[in-house]
Amino acid sequence: MLTAKDFIPAAYSQTIESGEYQWSAPSNIALVKYWGKKDNQIPANPSVSFTLSNCKTITKLAFAKKENKDSLSFDLLFEGQPKEDFKPKIQKFLERIEVYLPFLKEYHFTIDTQNTFPHSSGIASSASGMAALAMNFISLEKALNPAMTDAYFYQKASLLARLGSGSACRSVKGQVVVWGKQANIEGSTDLYGVEFPNEIHANFKNYQDTILLVDKGEKQVSSTVGHDLMHNHPYASSRFAQAHENLDALKAIFKSGDLDAFIKIVESEALTLHAMMMTSMPYFILMKPNTLQIINTIWKFRNETQIPVCFTLDAGANVHVLYPENVTEKVLQFIKDELVGYCQNGQYICDEIGNGAILL
Ligand code: DP6
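Residues numbered from 1 in each chain as written. Predicted model: local features only at pLDDT ≥ 70, side-chain atom pairs only at ≥ 80, totals over all residues. Heavy atoms only, no water.

Asker: Would you explain the pairing of strand E13 (residues 348-352) in this entry?
Answerer: On a regular strand, each side chain points to the face opposite its neighbour's, so the side chains alternate between the two faces of the sheet. Here E13 shows a clear split, with Ile-349 and Asp-351 buried on one side and none of Tyr-348, Cys-350 and Glu-352 buried on the other. Sheet topology places strand E10 (residues 208-212) next to E13; 5 bridges connect them, and they run antiparallel. Considered in E13, the bridge of Asp-209 is made with Asp-351. (Buried < 20%, exposed > 50% of the residue type's maximum accessible area, 1.4 Å probe, protein only. Helix = DSSP H or I, 4+ residues; strand = E, 2+ residues; numbered from the N terminus. Pairing = 2+ DSSP bridges.)

Next comes the structure, spelled out in structure tokens:
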């Protein structure tokens, strides 16, 4: 098993003056949630997610050697325009990963990034954004060290992404990704995300995620602050233990394809995440009235039709509606008839399980 030290490189065999890469990386939706972390972006509990397909960030990284090698230097463009307010987050990210990428100060970088989903949609772009950036940096390192193996390439890309935003480490490679050490999941580690290594039932093939945009406003409490509030949280230790149990249960469910059991775990995880927010000190609520309306309407529809549709939430008011591919038509009709009214400007995004980052 690799440790963090194994990702600090030895001298590179190649030199490169300038160049550019472009990667796209998708968002992901957690089924067992990451909520609470230790130093260096080490998660307090393991999580597992479906990688998405349509919601993604596309980032171009241009680089050129510079004279002054004493400091980090980069320009940041968002959809072609300079974006000063994103710079501190990127600066912090580069500082965190510099020990793993000792060439960073030798180059000036131009980072040009855009999302395929509407910005300020309330969809977190940190996972896709940090993953896309990490892919570009690992491509540069691979060019400096062509001997790098494919396995190491993706592990280190995920490790770098994790240092940008924890959930980003699950947006690199694979359809179902586990991040965090879990005893009976081979290869799982706190350092980077790994593709779920065991059998996955055909029921989960092309699983659908329709994202209902309930509130596109800026969140009152960031995920980073929320994670922090898990320190000294009265329910923290039982929550972390529960995440291990739920991941264990999901492992069996992925194999059996038992969708009723899947729904119970997934919805419970979503509500537990928000329960942790409501029971921290200070306490806060990120759900909106329409979030609850949607949840109740999904429950009623599921009861009446027996169609295995469920919801999950991330750290916000939007609702992810999850369902197997074979009920897509019925569920989309239900969404149009009964849920669109709860979405801001009637907006929702149809997505499904995808495969991870792509070099463009
Ligand atoms: C609720 O990955 O955004 O979406 O590591 O501080 O950047 P940082 O947090 P972030 O937290 C995401 C939390 C979550 C659950 C999840 O995706 O597992």
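Here the narrative resumes.
Asker: Whenever I open this one, the site of the ligand confuses me. Can you help?
Answerer: Near the ligand lie 17 residues; those nearest to it are Tyr-34, Lys-37, Ser-165, Gly-166 and Arg-170. Interatomic distance of 3.2 Å between a side-chain N/O atom of Gln-41 and an oxygen atom of the ligand. Taking Gly-166, its main chain carries an N or O atom lying 2.7 Å from an oxygen atom of the ligand. Computed on the free molecule, the ligand has an accessible area of 460 Å², of which 91% lies beneath the protein chains in the complex. When residues of the shell around the ligand are assigned to their parent elements, the largest contribution, 3 residues, is made by helix H4 (residues 223-228). (Near = heavy atom within 4 Å. Polar contact = N/O pair within 3.5 Å; in protein donor to acceptor, adjacent residues only side chain to side chain. Areas by Shrake-Rupley, 256 points an atom, 1.4 Å probe, with all protein chains shown as cover.)

Asker: Help me out: how do you make sense of helix H8 (residues 328-339) in this one?
Answerer: Helical geometry: 3.6 residues make up each α-helical turn, so side chains three or four residues apart lie on a common side. For H8, the set of buried residues is Thr-328, Val-331, Leu-332, Phe-334, Ile-335 and Leu-339. In a view along the axis of H8, the buried residues occupy a sector of 155°, so they form one face of it. Facing away from the buried surface of H8 by more than 90 degrees, the exposed residues are Glu-329, Lys-330 and Asp-337. Among the structural elements, E10, helix H7 (289-305), strand E12 (319-323) and E13 are those in contact with the buried residues of H8. (Arc of directions from axis to C-beta. Contact = heavy atoms within 4.5 Å.)

Asker: Got a minute to help me understand the sheet that holds E10 in this structure?
Answerer: Working definition: the strands of a sheet are paired by backbone hydrogen bonds and lie parallel or antiparallel to each other. The 4 strands are arranged E11-E12-E10-E13 in an open sheet whose pairing can be described as antiparallel. Looking at which strands have only one partner, the edges of the open sheet turn out to be strand E11 (310-313) and E13. For this sheet, the mean inter-axis angle between neighbouring strands, taken without regard to orientation, is 25°. Here 5 bridges tie E10 to E12, and the two strands are oriented antiparallel to one another. Looking across to E12, one finds that Leu-212 is bridged to Val-319. (Axes fitted to C-alpha atoms, helices over the stretch in contact; angles between N-to-C directions.)

Asker: Help me understand the nonpolar core, please; the structure alone is not making it clear to me.
Answerer: Looking at soluble globular proteins, one finds that nonpolar side chains tend to be buried together. Among the nonpolar cores identified, the biggest contains 76 residues, and Phe-50, Phe-137, Phe-254 and Phe-262 are the most heavily contacted of them. Ranked by residue count, the leading element in this core is helix H2 (residues 126-144), at 10 residues. Per-domain counts for this core show at least three residues from each of domain 1 (4-198) and domain 2 (206-352). The residues touching Phe-137, leaving out its near neighbours within four places in the chain, are Leu-61, Phe-93, Leu-94, Ile-97, Leu-101, Phe-103, Leu-104 and Phe-109. With 23 residues, the next largest nonpolar core counts Phe-301, Val-309, Val-327 and Cys-343 among its residues. (Core = buried A, V, L, I, M, F, W, Y, C linked by side-chain atoms within 4.5 Å. Domains from an automatic or database assignment.)

Asker: Explanation requested: the environment of Tyr-192 in the structure shown.
Answerer: Relative to the helices and strands, Tyr-192 is located in the loop between strand E8 (176-179) and strand E9 (193-195). For the pair Tyr-192 and Ser-158, spaced 34 residues apart in sequence, the C-alpha separation works out to 5.2 Å. Contacts of Tyr-192, omitting those with residues within four sequence positions, involve Met-1, Leu-2, Phe-7, Gln-155, Ser-158, Leu-159, Cys-169, Val-178 and Trp-179.

Asker: Is there a simple way to explain unusual backbone geometry in this structure?
Answerer: Most peptide bonds are trans, and most residues other than glycine sit at a negative phi. The omega angle of the peptide bond from Met-281 to Pro-282 is 0°, so this bond is cis rather than trans. Residue position: Pro-282 is located in the loop between helix H6 (259-278) and H7. The phi dihedral of Asn-232 is positive, around 65°, even though this residue is not glycine. Its place among the elements puts Asn-232 in the loop between H4 and helix H5 (236-256).

Asker: Any chance you could explain the domain arrangement of the protein chain here in plain terms?
Answerer: Interface extent is often summarised as the accessible area lost during association of the parts. For the protein chain, the domain assignment lists domain 1 (4-198) and domain 2 (206-352). Look at where the C-alpha atoms of domain 1 and domain 2 centre, and you get two points 25 Å apart. Contacts between the two partners involve 33 residues from domain 1, matched on the other side by 42 residues from domain 2. Together, the buried faces of domain 1 and domain 2 total about 3,100 Å²; carbon and sulfur atoms form 67% of this surface. Broken down residue by residue, the surface that domain 1 buries against domain 2 is led by Leu-31, Lys-33 and Trp-35, which jointly contribute 26%. On inspection of domain 1 and its partner domain 2, the count reaches 0 salt bridges. (Buried area = accessible area lost by both parts, 1.4 Å probe. Salt bridge = Lys/Arg side-chain N within 4 Å of Asp/Glu carboxyl O.)

Asker: Please clarify how the packing of aromatic side chains should be interpreted in this entry.
Answerer: Two descriptors summarise a pair of aromatic rings, namely the distance from one centre to the other and the angle between the planes of the rings. Under the criterion given, the structure shown has 22 aromatic pairs. Measuring from centroid to centroid gives 5.3 Å for Phe-78 and Phe-86, while their planes differ by 65°, and the two rings are edge-to-face. Taking relative accessible area as the criterion, Phe-78 reaches 9% and is therefore assigned buried. An angle of 80° between the planes, with centres 5.0 Å apart, marks the rings of Phe-153 and Tyr-154 as edge-to-face. Pairwise contacts between aromatic rings join Tyr-12, Tyr-21, Phe-63, Phe-103, Tyr-107, Phe-109 and Phe-137 into one cluster. (Phe/Tyr/Trp six-rings, centres within 6.5 Å; stacked < 30°, edge-to-face > 60°.)

Asker: Explain the state of the cysteines here, please?
Answerer: Every disulfide links exactly two cysteines, by a covalent bond between their sulfur atoms. Summed over all chains, the structure comprises 0 disulfides. The thiol sulfur of Cys-310 is not disulfide-bonded, and the nearest other cysteine sulfur, from Cys-350, lies at 16 Å. Given the relative accessible area of 0%, Cys-310 is considered buried. Left unpaired, Cys-350 is separated from the closest cysteine sulfur, that of Cys-55, by 9.9 Å. Residue classification places Cys-350 among the partly exposed residues on the basis of a relative accessible area of 38%. (Disulfide = S-S within 2.5 Å.)

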